[in-house]
Amino acid sequence: MTRPILWAHYAPSLFAHSTANTYRGRSMAAERYNAPEREQHWQSVWESRGAFRTTTDPAKPKCYVLEMFPYPSGRIHMGHVRNYTMGDVLARYKRARGFNVLHPMGWDAFGMPAENAAMERQTHPAKWTYANIAAMKAQLKSMGLAIDWTREFATCDPSYYRHQQRLFLDMYAKGLAYRRSSKVNWDPVDQTVLANEQVIDGRGWRSGALVEQRERLQWAFKITEFADDLIEALGTLDKWPEKVRVMQENWIGRSEGLLIRWALDGAAPNGATELEVFTTRPDTLYGASFLAIAPDHPLALAAAEANPAVAAFSEECRRMGTSLATIESAEKKGIDTGIVATHPLDPNWKLPVYVANFILMDYGTGAIFGCPAHDQRDIEFARAYGLPVVPVVAPTDAKARARAIAEIEAGTAYVDDGVMINSQFMDGLDVKAAFNAIADRLEKATLAGKPVAKRKINYRLRDWGISRQRYWGCPIPIIHCGDCGEVPVPVDQLPVKLPEDASFSEPGNPLDRHPTWRHVDCPKCGKPATRETDTMDTFVDSSWYFVRFTDPNADTPVDQAAADYWLPVDQYIGGIEHAILHLLYSRFFTRAMGVAGHLNPKLKEPFAALFTQGMVVHETYKSADGAWLLPTEVRFEGEGDTRRATEISTGKPAQIGSIEKMSKSKKNLVDPDDIIQHYGADCARWFMLSDSPPERDVIWTEAGVAGAGRFIQRLWRLLGEIETKAAPKGTARPAELGPEAMALRRATQKTLDTVGRNIEGLRFNVAVAQLYELSNEVSAALGKADAGLDWALREAVEHLVQMIGPMMPHLAEECWARLGYNTLLADQPWPQVEGALLVDDHVTIAVQVNGKRRDELTVARSAAKEEIEAAALKLESVVRAIEGRPVRKVIVVPQRIVNVVA
RNA sequence: GCGGACGUGGUGGAACUGGUAGACACACAGGACUUAAAAUCCUGAGACGGCAACGUCGUGUGGGUUCGAUUCCCACCGUCCGCACCA
């Protein structure tokens, strides 16, 4: 697939000696630019000079550019190349613009793959992880990223997680971390808790065992404490994609409603006297026809004890839980518990209480009142069990009302706005007024001495459970003592390190079965106690790493001065797959760290701007027998419709499949290493930036990379030609510049202006197009002669090289040296735009007749409306188009357009 | 079902706050150079009609607002993504 370019031997110029003279006098048939060789050279120059080391310096304006740090899987993939290239362009550009730029890199290094590798290959997770980090770091370095590597850290290192344990303890002290009983997916074979995404069709992804729901004491962070603020502050994130903000808002899921207590008749099990339900539609209370509770609701559990039929039904619901049946069985099912409730507005109105399969224990109170006429689920349920359906809301318009009622009778709930009917004192009120009327009334009414109802804001968001029963994660620094209960590990005993001699050969948590690790003395009373063996969710590690980068060597989790200076992150770049969890958790951590005294409480939001880049996609290939093939395993012939693929090893035809996200399973992978070795990092970077808008998917094609490679060689040849045609370095601007020279200068300045703005706006593909345009202009100008053109050429090429710098930094350094400089281009400021040259004194405007373009007109920029109108009407093409009709109106928008209405 | 985004040549895409649609690139065709090829350079190209000048049509479909709509509004079609018994 990747056809290696044959690099001609090209004597490397030593940096210190590479002046223009080194190149002068060489033949015009210049050598090809040897990217791989020169790239290594410049990387070592940057490294030896510490070119990208950053210090905290409040005297300078700062810019914090961050790409989501990688999981050390062992190899980088094209998605990384795209992500880190974008960040690097911005970081280098901002540096050139005079900003003190923080652009760090680290490793999201805890997590299951290391433990799985340990089980499969008998390597210790730490060994596996650090080996992967070393390999990936070398790959990232070969990309030539302007990263301050002195700030690098891995989250699995005790020097990092020690501080995370400190944060946990301080959050614990503030009540933001706590232990509660909650349901987990338990894999009985692997003896482990599974994340939801590890449960496939109700079975463990690894063992295939039927997953059980178990109650277990689990640590959690109180993210719900900030639910309102997390929604509220979304409004301030105007540099975040709308899409992400909407997803977060839905995820938090705020809804305003009413908690209503219903009295139960004496016969309820366990002596229960009331049932509390949550509703967002208290206005429909007169349409109620039943109550329904979740199978795990305490009242349902009590009813199950008394009634075997209820028990059997509840058990059935539990089994359905996570399986695919959830999706298939939209069918509403329930069982009457025999319990009877009294309507809060009418003591004589009795309603049955059902256990129903569509009620979730986790949402609201796990109990509802059913109003079939105005809720689709309730109407399905009511029709299945013969319960009454009474409309209480209807449109005002008579026709619409009749239709709505007919639909309700046919089984479709009416859920839109309207006015109240069949609702006594509320009749005629609109839905919102009815909500308030009934809320006011029920808040004043009492049941057993307490108000019947209270207003409640409910959230879909639940507290963040962080307990994981695994080895390769940050230990939770808590000790359990029989006498003292939960005891925090004293700060001076941190970190609680993972034991190195764990065994991974059997299922279950290695920390649990370690012979000695968990046994300690209670820090409070000194009696034998045990350590918490749960470790933290790896999302915790990534929820504050961007803070740690501001001073990765601080003795405390955060150095206040450094954090105050650098935060928030000015531009965060990563995949859309983290739109919800990672970003929400980081936003929570920023607030929680403020409360716990580790961040300035005024800092609410960690990421001022967010950009979500698209994926890298590629064609897929299958062999005759249906096996996926690597792109390197097929050969192509023909074009378009006649394009055919052949499997190289067998000579049999291969099938060309759809374009999909690069993945191991579909084998449509291109290895960044191969590309960098054959074409160079600059070529990969340039291709990643060209053509596709960064937020959309980019299709990786051989032709596209080759095209990028050709442009690199073209630029290199251009520099060769410039040597004889451009003015020498440092020549003063001549007093006289001819029209060609001026035109080139204008093009140069215009490009400078637009490329800068497009990089700032992350519209890299547009910036690339403009750089192509300028190089085309320069090429064209080479064949011309004009006063001062040699000077204008020099300016154009120097600026071109500087503008290419952030995108193809190695090539740009090489060109910069070839232009005669012995400074680093990476240290050069971005050229100042000469604003005066951005406006031409003549403009070409379109001339329309009745809205159709007929001609164009070049006039002085300052031309008066009347002048333009007169000139337009004289145009032969305009006269022809008017066909003698009277001119009714002429619209002249100066510098834009003329439209003749006839 | 709910929510969001997107629909422009053969392809990826560009077009500032409503003002010359198709920049730039890829692919393609013709030409130059070459013994030949590769590389490179030049030229062409939205569709249809025409030798040409030029004309007609054209930004998913159908309407609307406007002197003027890829851009704003309404309806529909299609594609993609997120959430989904959320009371």
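Residues numbered from 1 in each chain as written. Chains lettered and ligands numbered in written order. Predicted model: local features only at pLDDT ≥ 70, side-chain atom pairs only at ≥ 80, totals over all residues. Heavy atoms only, no water.

Colleague: Quick rundown of helix 19 (residues 581-595)? Include the residues and the values.
Modeller: Under the 1.5 Å per step criterion, the end-to-end length of helix 19 is 21 Å for 15 residues, consistent within 8% with the ideal 21 Å. With 13 of its 15 residues buried, helix 19 lies for the most part within the structure. (Helix = DSSP H or I, 4+ residues; strand = E, 2+ residues; numbered from the N terminus. Expected span 1.5 Å × (residues − 1). Buried < 20%, exposed > 50% of the residue type's maximum accessible area, 1.4 Å probe, protein only.)

Colleague: I'd like to hear about the pairing of strand 32 (residues 653-661), residue by residue, with values.
Modeller: Pairing analysis gives five bridges linking strand 28 (residues 616-622) to strand 32, with the strands arranged antiparallel. When the bridges of strand 32 are listed, Val 617 appears paired with Lys 661. As consecutive antiparallel partners, strand 31 (residues 644-647) and strand 32 are separated by five residues, and within that stretch Gly 651 has a phi angle of approximately 75°, a positive value. (Pairing = 2+ DSSP bridges.)

Colleague: Give me the lowdown on the protein's contact with RNA strand B, citing residues and values where you can.
Modeller: The full set close to RNA strand B counts 47 residues, and Thr 280, Lys 332, Leu 360, Arg 377 and Asn 899 are the nearest of them. Across the atoms of RNA strand B situated within 4 Å of the protein, the share located in sugar and phosphate is 63%. Arg 377 places a polar side-chain atom, nitrogen or oxygen, 2.6 Å from a phosphate oxygen of RNA strand B. Only helix 8 (242-252), strand 9 (274-279), helix 22 (702-725), helix 24 (764-782), strand 34 (842-849), strand 35 (852-860), strand 36 (889-893) and strand 37 (897-901) provide two or more residues apiece to the surface near RNA strand B. Split into classes, the residues belonging to the surface near RNA strand B amount to 18 nonpolar, 12 polar and 17 charged. (Near = heavy atom within 4 Å. Polar contact = N/O pair within 3.5 Å; in protein donor to acceptor, adjacent residues only side chain to side chain. Nonpolar A, V, L, I, M, F, W, Y, C, P; charged D, E, K, R; others polar.)

Colleague: Can you lay out the packing of helix 21 (residues 681-689) against helix 22 for me, pointing to particular residues and giving the numbers?
Modeller: Axis angle and axis distance: for two packed helices, these are the angle between their axes and the distance between the axes, and together they describe the pair. Two numbers describe how helix 21 lies on helix 22: the axes approach to 9 Å, and their chain directions differ by 115°. Two packed elements cross with a definite hand, and for helix 21 against helix 22 that hand is right-handed. Between helix 21 and helix 22, the contacting residues are Asp 682, Cys 683, Trp 686 and Phe 687 on the first element and Gly 704, Val 705, Ala 708, Gly 709, Phe 711 and Ile 712 on the second. For the contact of helix 21 with helix 22, the residue count by class is seven nonpolar, two polar and one charged. (Axes fitted to C-alpha atoms, helices over the stretch in contact; angles between N-to-C directions. Left-handed = near helix turned anticlockwise from the far one by under 90°. Contact = heavy atoms within 4.5 Å.)

Colleague: Now, about the environment of Met 361: what can you tell me, with residues and values included?
Modeller: Within the fold, Met 361 resides in the loop between strand 12 (346-356) and strand 13 (367-370). Beyond its immediate chain neighbours, meaning those up to four positions away, Met 361 contacts Ala 294, Asp 296, His 297, Pro 298 and Gly 366.

Colleague: An account of the sheet that holds strand 23 (residues 519-521) is needed here, citing residue identities and associated values.
Modeller: Within the open sheet, the four strands sit side by side as 22-21-24-23. Their pairing is antiparallel. Either end of the sheet is taken by a strand with one partner, and the two such strands are strand 22 (485-488) and strand 23. For this sheet, the mean inter-axis angle between neighbouring strands, taken without regard to orientation, is 40°. As paired elements, strand 21 (residues 478-481) and strand 24 (residues 528-531) share two bridges and run antiparallel to each other. Residue pairing in the sheet places His 480 in a bridge with Thr 530 of strand 24.

Colleague: How would you summarise the environment of Glu 37 if you had to cite specific residues and measurements?
Modeller: Relative to the helices and strands, Glu 37 resides in helix 2 (residues 35-49). Residue Glu 37 is classed as partly exposed on the basis of its relative accessible area, which comes to 27%. The sequence separation of Glu 37 and Gly 756 amounts to 719 residues, and the corresponding C-alpha distance is 29 Å.

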